[in-house]
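In case you want the letters, here they are:
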Amino acid sequence: DHRRLEQLGRLFPYPHVHVHGKKTVEVQVRDHAGNVSAADSNTVTLDLTPPELSYFRINGGGPYVLPGHDLLFEVWGKDAIGGSGIHGFKVSFDQGGSWTEWYSLVGAYKKTIARPADDGLLDVRLVLRDGVDHESGMETEKTYLVEEDLPVATGGGKLTGSLSPR
């Protein structure tokens, strides 16, 4: 019976909640003398599933980022119907060893963040978070950060060899 009285200060499971979405909870209080308060209610969003990260791009999906340019992340994902929605993402530039703070994606799917100090090939990992802190699976993209001080050929001589990332 969903109308049973419970002792104050106790947590108890809300029965039969297996589908996420908006739920309304009603509460009444009865004292030892038998007086019963008016009913009060609150609507909450029950979100049982993590968001799904479809994919992300860095600077339009280009293979490199030039010196002095920050990283523009375009992020695509989805949350289940009735879920709390996608609220943000975090990234790792060192293969998941450390992560940035959470960046907000509320009302947008693009976010510019500062370029890391390192140059060269960058293995970027990204995770989404929804409104109740569920995290998506991780996706990976690679981009090349062109170094600030590129070598310059001088003297007009013939160059031989090949160029390759570090």
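Residue positions are counted from 1 within each chain, in the order its sequence is given. Reporting of local features is limited, given that this is a predicted model, to residues whose pLDDT is at least 70; pairs of side-chain atoms are given and counted only at 80 or more, and all residues count toward the totals for whole chains, interfaces and linings. Processing note: side-chain calculations cover all non-hydrogen atoms of the structure and skip hydrogens and water entirely.

**Remarks on unusual backbone geometry**
The criterion, for reference: Secondary structure counts use DSSP, requiring at least four H or I residues in a row for a helix and at least two E residues in a row for a strand, with both numbered from the N terminus. To sort residues, take the accessible area from a 1.4 Å probe on protein chains only and compare it with the maximum for the residue type: under 20% means buried, over 50% means exposed, and anything in between is partly exposed.
Phi at Asn59 is positive, roughly 45 degrees, even though this residue is not glycine. Assignment of secondary structure puts Asn59 in the loop between β3 (52-58) and β4 (64-65). Residues other than glycine seldom take positive phi values, yet Asp133 does so here, at roughly 70 degrees. Residue Asp133 is classed as exposed on the basis of its relative accessible area of 52%.

**A closer look at the side chain of Asp123**
Here is the rule: Residues adjacent in sequence count toward polar contacts only when both atoms are side-chain atoms; beyond that, a polar contact is any pair of N or O atoms within 3.5 Å, and within protein one must be able to donate a hydrogen and the other to accept it. The contact criterion used throughout is that any non-hydrogen atoms of two residues lie within 4.5 Å.
Counting through the fold element by element, Asp123 comes out in strand β9 (residues 120-130). A residue is classified by how much of its surface remains accessible, and Asp123, at 12% relative accessible area, is buried. One polar contact links Asp123 to Arg125, side chain to side chain, over a distance of 3.3 Å. In contact with Asp123, not counting residues within four places along its chain, are Ser92, Phe93, Asp94, Gln95, Thr140, Glu141 and Lys142.

**Considering the pairing of strand β10 (residues 139-145)**
Condition: Any two strands with at least two DSSP-identified bridges between them are counted as paired.
Across 2 bridges, β4 lies against β10 in parallel orientation. Its bridge partner being in β10, Val65 is matched across the sheet by Leu145. Of the pairings in the sheet, the one linking β9 to β10 comprises 7 bridges and is antiparallel in character. If you follow Leu121 over to β10, its bridge partner there is Tyr144.

**Some points on the sheet that holds β4**
Taken together, 5 strands build an open sheet; the order of strands is β4-β10-β9-β6-β7 and the sheet is mixed. The open sheet terminates on both sides in strands that have one partner only, identified here as β4 and β7 (103-104). Two strands pair when backbone bridges link them, and strand β6 (residues 86-92) and β7 are joined in this way by 2 bridges, in the antiparallel orientation. By the bridge assignment for β7, Gly88 is matched with Ser104.

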